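Residue-level structural notes
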Amino acid sequence: MNKPKLSLVVPCFNEEETIPAFYAEANRVLGEMSLSENAEFVFVDDGSTDGTLSLLETLAESDSRVHFVSFSRNFGKEAALYAGLSKARGTFTALLDADLQDPPSLLPEMLNSLENDGFECAATRRATRKNEPPVRSFFARLFYKIMAKMSDVPVVDGARDFRLMSESYKNAVLSLCERNRFTKGIFPWVGFKTKWFSYENIERVAGKTKCPFLKLFLY
Ligand code: UDP
Ligand code: MG
């Protein structure tokens, strides 16, 4: 396939329950954007122990736009994003979670800001922390306060990893060769004109969070 216009990079850790819904919704939106034939999926199986890998194999067999990387064990979302970005070939690349908490329906507006308004990146943040367990909100807020004091780089509270980026932006992110990555810091650090989109928190479409409180706290 020629270089696609849009790559969708999707980290997946035990997401057999959500991938079918994600794939259907992403295809619906690609259709709306008239990009069905001009897009690719790059799934990253982050050492899943459920049926994720065989599901991805089946999808890749039936759809030549579907590609995947599979890790030998669970390395974490940061590593999965890096691997997915390295494999993405599109003129534009989006990072989205598999559970539809990052709505593909925002992609048309995001792409518009890159194509027509001179932005290199479209970033997203949650408008509120509604529906989040209070203890998680408390530590998250504390984390962002400490980051703001410690670092010159603005790490935006509530920023999600859901982004659409130009090739220059993607290459800048990939050129940072640190291995223990902190994407929420790398994104603002690389600079570039970024447009922000806010949306209300959306519940996971199925399955359970793969980032429980303790994992997030240690991270
Ligand atoms: N994920 C991953 N590796 C991990 C943990 C999570 O690839 O070790 C993926 C996960 O499958 C999902 C995304 O990262 O697509 C966000 O994870 P999750 O929805 O569990 O986090 P939450 O939204 O609850 O913070
Ligand atoms: Mg989620």
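You'll find the structure just up there.
First, a word on what this report is: a plain description of the structure on this page. Numbering of residues starts from 1 in every chain and runs along the sequence as written. Written order decides the labels, with chains lettered from A and ligands numbered from 1. Restriction of local features to residues with pLDDT of at least 70 applies here, the model being predicted, together with a cutoff of 80 or more for giving and counting side-chain atom pairs; totals for whole chains, interfaces and linings are based on all residues. Calculated side-chain values reflect all of the structure's heavy atoms, with hydrogen atoms and water omitted.

1. Remarks on the coordination of the magnesium ion (ligand 2)
- We call an atom a donor if it is N, O or S and sits within 2.8 Å of the metal, or 3.2 Å for Na, K and Ca. Water is not counted, so some sites may look partial. All of the protein donors around the magnesium ion (ligand 2) are Asp 99 (OD) and Gln 101 (OE1); their distances to the metal are 2.0 Å. By the burial criterion, Asp 99 is buried, and Gln 101 matches it. Classification of residues uses two cut-offs on accessible area relative to the type maximum, computed with a 1.4 Å probe and protein chains only: under 20% is buried, over 50% is exposed, and between them is partly exposed.

2. Looking at the nonpolar core
- To qualify as a nonpolar core, a set must consist of buried Ala, Val, Leu, Ile, Met, Phe, Trp, Tyr and Cys residues joined through side-chain atoms within 4.5 Å. Counting residues in each nonpolar core, the largest one holds 34 residues, and the members touching the most others are Leu 6, Leu 8, Phe 41, Phe 43, Leu 107 and Leu 164.
- Elements with a minimum of two residues in this core: β1 (6-12), α1 (19-32), β2 (39-45), α2 (52-62), β4 (92-95), α4 (107-116), β6 (159-166) and β7 (194-199).
- Here this core takes six residues from α1, the largest share from any one element.
- Leu 174, Leu 176, Phe 187 and Val 190 belong to the second largest nonpolar core, which has 16 residues in total. Helix numbers and strand numbers start at the N terminus; a helix is a DSSP run of H or I with at least 4 residues, a strand a run of E with at least 2.

3. Description of the site of ligand 1
- Close contacts around ligand 1 come from 18 residues, with Glu 15, Asp 46, Asp 99, Thr 209 and Lys 210 the closest.
- The side chain of Glu 15 places a nitrogen or oxygen atom 2.5 Å from an oxygen atom of ligand 1.
- Here Lys 77 contributes a backbone N or O atom positioned 3.5 Å from a nitrogen atom of ligand 1.
- Each accessible area value is a Shrake-Rupley result obtained with a 1.4 Å probe; residue values ignore everything except the protein chains displayed when judging cover. Here ligand 1 loses 92% of its free accessible area of 530 Å² to cover by the protein chains.
- Residue polarity is assigned by list, with Asp, Glu, Lys and Arg as charged and Ala, Val, Leu, Ile, Met, Phe, Trp, Tyr, Cys and Pro as nonpolar; anything else, Gly included, falls into the polar class. Tallied by class, the residues present in the shell around ligand 1 amount to five nonpolar, four polar and nine charged. Throughout, the term near means that a residue has one or more heavy atoms lying within 4 Å of the molecule or strand in question. Polar contacts here mean pairs of N or O atoms no more than 3.5 Å apart (in protein, one a potential hydrogen donor and the other a potential acceptor; neighbouring residues in sequence count only if both atoms are side-chain atoms).

4. Here's the deal with the sheet that holds β4
- Read from one edge to the other, the open sheet built from seven strands follows the order β3-β2-β1-β4-β6-β5-β7, with strand pairing classed as mixed. If you trace the sheet from one side to the other, it starts and ends with β3 (66-70) and β7, each paired once. Ignoring which end each strand starts from, the neighbouring axes of this sheet average 20° apart. Pairing between two strands requires that DSSP report at least two bridges joining them. The angle between two axes is taken between their N-to-C directions and runs from 0 to 180 degrees, where each axis is a line fitted to C-alpha atoms and a helix contributes only its stretch in contact.

5. Focus on a nonpolar patch on the surface
- Patch definition: residues with relative accessible area over 30% and no salt bridge; like charges joined within 9 Å; nonpolar side chains (Val, Leu, Ile, Met, Phe, Trp, Tyr) joined within 5 Å. The term salt bridge refers to a pairing of a side-chain nitrogen on Lys or Arg with a carboxyl oxygen on Asp or Glu at a separation within 4 Å. On the surface, a cluster of nonpolar side chains totalling about 520 Å² of accessible area is made up of Val 135, Phe 213, Leu 214, Phe 217 and Leu 218.
- Among the elements that make up the nonpolar patch, the one with the highest residue count is helix α8 (residues 213-218) (four residues).
- Relative to the helices and strands, Phe 217 resides in helix α8.

6. Let's talk about the side chain of Glu 25
- Residue position: Glu 25 is located in helix α1.
- On the basis of relative accessibility, which here comes to 19%, the residue Glu 25 falls in the buried class.
- Residues count as neighbours in contact if any of their non-hydrogen atoms are within 4.5 Å of one another. Those residues in contact with Glu 25 that sit more than four places away from it in its chain are Leu 100, Pro 104 and Ser 105.

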